[in-house]
Amino acid sequence: MADATGLQLSQRHFMNTADLPQQEIQALIDLALSLKHGEVKPSLAGKTLATLFFNPSVRTRVSFATAMFKLGGQALDLSMEGAWSFEFGDGVVMDGATIEHVKEVAPVLSRYCDGLAIRCSELVTKSAASASAGSWQNARQDLVLNSFARYATVPVINMESNVYHPCQGLGDAVTIKEQLGQPQGKKYVLTWAYHPKALPMATPNSQMLAACDLGMNVTLAYPEGWDLDPEIVKMASQRAKQSGGSLQIEHDMDTALEGAHIVCAKSWGALQYYGNWEAEKALRVQHKDWMVTQAKMQHTDNGRLMHCLPVRRNVEVGDDVLDSPTSIVIDEAENRLWAQMALLATLL
Ligand SMILES: CC(=O)N[C@@H](CCCN)C(=O)O
Ligand SMILES: NC(=O)OP(=O)(O)O
């Protein structure tokens, strides 16, 4: 079996699935499924991936480490939690808490390693290095991720930033293809769900893009006021059209779920209250009825339930769904591994 994938991507870094043409995404999905079925065996022998986690993780951490191991290489897990001491600002007089600049960190790690993977979502861990000061206009610049990409001399992989979680998007695309065979024209509903905290929009942005790139008829369902970034929604809608799909918005969960083949539950914070989360919470608690239950799933066309995990049981999704064959969340989590193996084997 070939030790190379034969696939080449048009981008050096993996920041957002929408940076890639749809054929390259399809090729990565096919490669992931071939890896899962043991049909190809690419090798990354002797290669190292540094994984920098500025936020907690279960799936991303373990699936990247295991992906590198299965490919014959290794991952170095660098936890940055509680120790965000790198500087990202230009021309800063570094006499405060930061101890070294990304201008040194990124090229130094690039001398040791063949790729850098970064998780940095400021909504999860508020820290000194989040320069956004609570503004979405600043947060959407993804300063930390983009600084690593700028100063690294090896490929950089986004393991969830403020704006995108492309590995979740790619993994979900693999799962949808695996479940439906031919996703084009099938109905995908990304439904907002209640959660006690305002969660980032990176995951729903990438999940929406994944379904749009598969040519599905995508419905976004959320209470009024919970719009995702309009520029990202516009881009997703264009990519859906390119692949023969569509994108529409509903504010009633029952109506949205009508005839769905895939239901993906995800919570996120309201963009218009970004950084003003107390005000957002006062409104969010009025939407506790946005929970996916078996009664809600009755509206679907034998729909399957996806969730990126971690999931709050009986808050976002009911036990009656999660404990039934309707739920494919464990397959979805597994497919992160195969999707990332496809990505790593191609990118490194
Ligand atoms: C509960 C929580 O913090 N969820 C995170 C992680 C999701 C996948 N990494 C989120 O919604 O972004
Ligand atoms: N879905 C996901 O990215 O999970 P972790 O946050 O546990 O990595």
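Residues numbered from 1 in each chain as written. Chains lettered and ligands numbered in written order. Predicted model: local features only at pLDDT ≥ 70, side-chain atom pairs only at ≥ 80, totals over all residues. Heavy atoms only, no water.

The name that an unreviewed UniProt entry assigns to the protein is N-acetylornithine carbamoyltransferase, with the source organism given as Ktedonosporobacter rubrisoli. UniProt, in its Sequence similarities (unreviewed entry) section for the protein, records the words "Belongs to the aspartate/ornithine carbamoyltransferase superfamily." (UniProt positions renumbered as here; feature names shortened; annotations may be inferred.)

Details of the overall build of the protein
When its secondary structure is counted, the protein shows 13 helices and 11 strands. Computed over C-alpha atoms, the radius of gyration of the protein comes to 20 Å, within 12% of the 20 Å expected from 2.2 N^0.38 for 348 residues, which places it in the range of a compact globule. When its C-alpha atoms are laid out on the principal axes, the protein stretches across 55 × 55 × 35 Å. Across the protein, contacts joining residues at least 24 apart in sequence account for 81% of those joining residues at least 6 apart. Looking at the protein as shown, the accessible area adds up to about 14,000 Å², and 50% of this sits on carbon and sulfur atoms. (Helix = DSSP H or I, 4+ residues; strand = E, 2+ residues; numbered from the N terminus. Rg over C-alpha atoms; globule rule 2.2 N^0.38 Å. Contact = heavy atoms within 4.5 Å. Areas by Shrake-Rupley, 256 points an atom, 1.4 Å probe, with all protein chains shown as cover.)

Quick look at the site of ligand 2
Around ligand 2, the neighbouring residues are Ser57, Val58, Arg59, Thr60, Arg119, His165, Gln168, Cys308, Leu309 and Arg336. Side-chain polar atom of histidine 165 to an oxygen atom of ligand 2: 2.9 Å apart, as the coordinates give it. Residue glutamine 168 places a side-chain N or O atom 2.9 Å away from a nitrogen atom belonging to ligand 2. Protein coverage of the free-state accessible area of ligand 2, which is 250 Å², stands at 93%. The pocket occupied by ligand 2, as judged from atoms lying within 2 Å of grid points, is the largest pocket. Broken down by class, the residue content of the shell around ligand 2 amounts to three nonpolar, four polar and three charged. There are two domains that each give the shell around ligand 2 at least three residues, and those are domain 1 (43-163) and domain 2 (168-334). (Near = heavy atom within 4 Å. Polar contact = N/O pair within 3.5 Å; in protein donor to acceptor, adjacent residues only side chain to side chain. 1 Å grid on protein atoms, 1.4 Å probe; cavity = no way out; pocket = protein on both sides within 12 Å on 5 of 7 lines; lining within 4 Å. Sits in = over half its atoms within 2 Å of the grid points. Nonpolar A, V, L, I, M, F, W, Y, C, P; charged D, E, K, R; others polar. Domains from an automatic or database assignment.)

So, empty space enclosed by the protein
One simple way to see leftover space: roll a probe sized like a water molecule over the atoms. Going through the model one piece at a time under the given rule, you end up with two cavities of 30 Å³ or more. What the largest cavity holds in volume is close to 40 Å³. Forming the walls of the largest cavity are Thr17, Ile25, Gly169, Leu170, Ala173, Leu209, Ala210, Asp213 and Leu214. Of all elements in the fold, only helix 6 (166-180) and helix 7 (202-213) reach the threshold of two or more residues within the lining of the largest cavity. (Points joined across faces, edges and corners; volume = space filled by probe spheres on them.)

Thoughts on the domain arrangement of the protein
According to the domain assignment, the protein contains domain 1 (43-163) and domain 2 (168-334). The C-alpha-based centres of domain 1 and domain 2 are spaced at 27 Å. Taken together, the contact between domain 1 and domain 2 spans 14 residues of the former and 18 residues of the latter. A buried area of about 1,200 Å², summed over both sides, lies between domain 1 and domain 2, and 59% of it is on carbon and sulfur atoms. Three residues, Arg59, Leu123 and Trp136, lead the burial of domain 1 against domain 2; their summed loss comes to 53% of the area buried on that side. Our count for the domain 1 to domain 2 interface comes out at two salt bridges. Two residues, arginine 140 and glutamate 231, come together in a salt bridge whose shortest N-O distance is 3.7 Å. Linking domain 1 with domain 2 are four residue pairs in polar contact (both at pLDDT 80 or more), by the criterion used here. In terms of residue class, the side of domain 1 that touches domain 2 is made up of five nonpolar, five polar and four charged. (Buried area = accessible area lost by both parts, 1.4 Å probe. Salt bridge = Lys/Arg side-chain N within 4 Å of Asp/Glu carboxyl O.)

As for the pairing of strand 9 (residues 246-250)
Direction of pairing for strand 8 (residues 217-221) relative to strand 9: parallel, over a ladder of five bridges. Residue pairing across strands places alanine 221 opposite glutamate 250, the latter belonging to strand 9. The β-α-β motif built from strand 8, the intervening helix 8 (residues 230-242) and the parallel element strand 9 has right-handed crossover chirality. (Pairing = 2+ DSSP bridges. Right-handed = clockwise from strand over helix to strand, strands pointing away.)

Description of the packing of aromatic side chains
Throughout the structure, instances matching the rule amount to eight aromatic pairs. Between tryptophan 136 and tyrosine 274, the ring centres sit 5.4 Å apart and the planes meet at 55 degrees, which makes this aromatic pair tilted. Placement of the pair is tryptophan 136 in helix 4 (residues 136-139) and tyrosine 274 in the loop between strand 10 (262-266) and helix 10 (277-284), with a sequence separation of 138 residues. Residue classification places tyrosine 274 among the buried positions, given a relative accessible area of 10%. For the ring pair tyrosine 222 and tryptophan 268, a centre distance of 6.0 Å and an interplane angle of 65 degrees mean the geometry is edge-to-face. Taken together, the residues tyrosine 222 in the loop between strand 8 and helix 8 and tryptophan 268 in the loop between strand 10 and helix 10 connect sequence positions 46 residues apart. What makes tryptophan 268 buried here is its relative accessible area of 0%. (Phe/Tyr/Trp six-rings, centres within 6.5 Å; stacked < 30°, edge-to-face > 60°. Buried < 20%, exposed > 50% of the residue type's maximum accessible area, 1.4 Å probe, protein only.)

A short note on the sheet that holds strand 6 (residues 156-158)
Taken together, four strands build an open sheet; the order of strands is 2-1-5-6 and the sheet is parallel. On the outer flanks of this sheet lie strand 2 (74-79) and strand 6, each paired with one strand and no other. Across this sheet, the average inter-strand angle for adjacent strands is 20 degrees, counted without regard to direction. (Axes fitted to C-alpha atoms, helices over the stretch in contact; angles between N-to-C directions.)

Considering the site of ligand 1
Lining the immediate surroundings of ligand 1 are Arg119, Glu160, His165, Leu199, Pro200, Thr203, Lys266, Cys308, Leu309 and Pro310. Within the side chain of lysine 266, one N or O atom sits 2.6 Å away from an oxygen atom of ligand 1. At a threshold of 2 Å from the grid points, most atoms of ligand 1 map onto the largest pocket. Of the residues in the shell around ligand 1, the class split is five nonpolar, two polar and three charged.

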